[in-house]
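Survey of secondary and tertiary structure
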Amino acid sequence: DSVQIPDDRDFGAFRAQCESERGWSLTYSKGGVAVWVQLLEPERALHKIKCRMECRDVPAETLYDVLHDIEYRKKWDTNVIETFDIGRLTANSDVGYYAWRCPKPLKNRDVVTLRSWLPMGSDYIIMNYSVKHPKYPPRKDMVRAVSIQTGYLIEGTGAKSCTITYLAQVDPKGSLPKWVVNKSSQFLAPKVSWLHCGEGIQSRGEGSLCPSRPSSQAMKKMYKACLKYPEWKQKHDPHFKPWLFPEQSRLPALPLSELSLQHADSLENIDESSLAESKEDRGEGSDEDS
């Protein structure tokens, strides 16, 4: 159960999953966005989802910066409640906290993750998985979700264009109501709702409860954020990019021994299957936030 920092083999395996279509079912393809689902063994409710988007007028390095820049995320990610970096492990890995809004009246979710990144010429990988940190236990006002593996592969396709692939296997911890599953088909893409087998849904990794969920709507919001980022960054500490220049990091060093793996089975399973949908805020914010 010891926590390990990903090595080159782990990054290679992640990239292979992003690029492979074997074992994946294409469920949506429109406007440069494609969504796949990988259904694992029937006895396991934990599925994987993958979303790929073509980004014109966005260099790969800009998209990489946007995904790293925690201050900018607070501007464009309208679902974020709170996010901050906890500590630095190595030059290309850290531990962070992220809490996000879920559709009312569901409880909001949060995660603590170990994040690693790897630049590869014009390509980049960022990936994470859930860990436990003694100073950031589950909160009473949140449901602690679990990232089994979540990440991005950014591939440069030209001087001002790239492709991003988002791969996620996330356990939102909870028995979810049927309307959440129906809503997820709108958030993700048409016909992407594979957990439609009853009123009380045991959902693991369903759309509207996944951080940075791979919906065409969310991906397009991120794309718009990328277009605005160069101008924003020029006004906000333009030379500060510790993900490119580790010597700039202001984070405290964090011993790996302080961390342990976050197992989903050790967390409380919240039964929200009987909750009715609220007509108020449903977790989707406005794009006009930057």
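Below, the structure is looked at part by part. (Residues numbered from 1 in each chain as written. Predicted model: local features only at pLDDT ≥ 70, side-chain atom pairs only at ≥ 80, totals over all residues. Heavy atoms only, no water.)

Let us look at the overall build of the protein chain. Secondary structure assignment for the protein chain yields five helices and 13 strands. Sorting the 290 residues of the protein chain into buried and exposed places 53% on the buried side. Across the protein chain, every contact between residues at least 6 apart in sequence was considered, and the portion connecting residues at least 24 apart equals 67%. Of the roughly 13800 Å² of accessible surface on the protein chain, a fraction of 50% belongs to carbon and sulfur atoms. (Helix = DSSP H or I, 4+ residues; strand = E, 2+ residues; numbered from the N terminus. Buried < 20%, exposed > 50% of the residue type's maximum accessible area, 1.4 Å probe, protein only. Contact = heavy atoms within 4.5 Å. Areas by Shrake-Rupley, 256 points an atom, 1.4 Å probe, with all protein chains shown as cover.)

What follows concerns the pairing of strand β2 (residues 33-38). Of all six residues in β2, six are buried, a share of seventy percent or more. Residue alternation in β2 divides its side chains into two sets, Val33, Val35 and Val37 and Ala34, Trp36 and Gln38, and both sets are buried. Of the pairings in the sheet, the one linking strand β1 (residues 25-30) to β2 comprises five bridges and is antiparallel in character. Paired with Leu26 across the two strands is Trp36, which belongs to β2. Linking β1 to β2, which pair antiparallel, is a turn of two residues; within it Gly31 sits at a positive phi near 60°. Sheet topology note: the β2/strand β3 (residues 48-56) ladder contains six bridges and is antiparallel. (Pairing = 2+ DSSP bridges.)

The next point concerns the layout of surface pockets. As a volume, the largest pocket reaches approximately 430 Å³. Mapped onto the lining of the largest pocket, the elements with two or more residues apiece are α3 (70-76), β4 (80-90), β6 (109-120) and α5 (216-234). Considering each element in turn, the lining of the largest pocket owes the most residues, three residues, to β4. Residue classes in the lining of the largest pocket are distributed as nine nonpolar, four polar and nine charged. (1 Å grid on protein atoms, 1.4 Å probe; cavity = no way out; pocket = protein on both sides within 12 Å on 5 of 7 lines; lining within 4 Å. Points joined across faces, edges and corners; volume = space filled by probe spheres on them. Nonpolar A, V, L, I, M, F, W, Y, C, P; charged D, E, K, R; others polar.)

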